[in-house]
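Topology and contacts: notes
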Amino acid sequence: MTSAALLLAAEKESAQVTDWAARIGWVVGLGLFVALVYWLMREGWKWRGTLQGDLPALPTAPSEPGEARLTVSSMTGRYHGSTTAGQWLDRIVAHGLGTRSRVELTLTDAGLDVVRPGASDFFIPAAALREARLDKGIAGKVLTEGGLLVVTWAHGDRLLDSGFRSDHAAEHAAWVAAINSMTDKTATPTETEGAR
């Protein structure tokens, strides 16, 4: 009787609660998968930069740009990126144009000076400015209608759209009017909203 009870007790052992080898294997596998996805994203970004290698170097601000064209001499906010004009998802990454950053814009008779702490500064000459408008989105950033200042400009043989958001969105309309006064565009900010 005792040997039968011992056999019965041996058969009813509780199942192992945690299989540590399987759990560690899953964690290592998930870590490798995340690393692979990150590496593929990075390679895609570099590949896009290589495809855009024909884009010339960005112009720098002249030593004497002239006086600011707006009452508020500069606008601080965020730079959200640049795309091929009219194609709001075709991000330009060459020469650091794909890097989001803080920004300070100054508009003078010479053009638009884009100063980006922690990223490459660039300058848009007045002759390269094509138009400015209020919009709601640009490559990876969507805001409310009119929440983004989009400046269209010529660089090399391409037209680019660069998106900016002021810390004070009420400034956008004045910037659109000032930039458009330097080009042939005479539309008011409300006429250009939602042009896409």
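Scope of this entry: the structure provided in the associated data block. (Residues numbered from 1 in each chain as written. Predicted model: local features only at pLDDT ≥ 70, side-chain atom pairs only at ≥ 80, totals over all residues. Heavy atoms only, no water.)

For N180, the location among the structural elements is in helix α3 (residues 172-181). A distance of 2.8 Å separates the side chain of N180 from the backbone nitrogen of A132, its partner in a polar contact. (Helix = DSSP H or I, 4+ residues; strand = E, 2+ residues; numbered from the N terminus. Polar contact = N/O pair within 3.5 Å; in protein donor to acceptor, adjacent residues only side chain to side chain.)

The description of two aromatic rings rests on the distance between their centres and on the angle between their planes. Enumeration over the complete set of coordinates arrives at 3 aromatic pairs. Between Y79 and F122, the aromatic rings sit 6.0 Å apart at their centres with planes inclined by 70°, giving edge-to-face as the arrangement. Remark: F122 occurs in strand β5 (residues 122-125) and Y79 occurs in strand β1 (residues 75-84); sequence separation between them is 43 residues. Each member of the pair, Y79 together with F122, is buried. (Phe/Tyr/Trp six-rings, centres within 6.5 Å; stacked < 30°, edge-to-face > 60°. Buried < 20%, exposed > 50% of the residue type's maximum accessible area, 1.4 Å probe, protein only.)

L105, L107, L149, V151, F164 and W175 are the most contacted members of the largest nonpolar core, which totals 29 residues. For this core, the secondary structure elements donating two or more residues are β1, β3 (101-108), β4 (111-115), β5, β6 (129-135), β9 (148-155), β10 (158-166) and α3. At 4 residues, the largest contribution of residues to this core is made by α3. (Core = buried A, V, L, I, M, F, W, Y, C linked by side-chain atoms within 4.5 Å.)

What follows concerns the environment of L149. With respect to the helices and strands, L149 occurs in strand β9. For the pair formed by L149 and D135, sequence separation is 14 residues and the distance between their alpha carbons is 6.5 Å. Setting aside anything within four residues of it in sequence, one finds L149 in contact with M75, L105, A132, R133, S162, G163, F164, H172, W175 and V176. (Contact = heavy atoms within 4.5 Å.)

A large share of β9 lies buried, amounting to 8 of its 8 residues. Covered by surrounding structure in β9 are L148, V150, T152 and A154 together with L149, V151, W153 and H155, the residues of both alternating faces. Direction of pairing for β6 relative to β9: antiparallel, over a ladder of 6 bridges. Across the sheet, the residue bridging to L129 is W153, located in β9. Taken together, the 7 bridges between β9 and β10 define a ladder with antiparallel strand orientation. (Pairing = 2+ DSSP bridges.)

Turning next to the pairing of β1. Among the 10 residues that make up β1, 8 are buried, leaving the element largely enclosed by the rest of the structure. As judged from the 5 bridges shared by β1 and β3, these two strands associate in the antiparallel manner. Bridging across to β3, M75 finds its partner in L105. Pairing analysis gives 7 bridges linking β1 to β10, with the strands arranged antiparallel. In the strand pairing of β10, Y79 is matched with F164. Across 2 bridges, the pairing between β1 and strand β2 (residues 91-92) is antiparallel. Opposite S82, over in β2, you have I92 as the bridge partner. The hairpin turn running from β1 into β2, its antiparallel successor, is 6 residues long, and G86 in that turn takes a positive phi close to 80°.

Coordinates in, geometry out; function isn't part of it.
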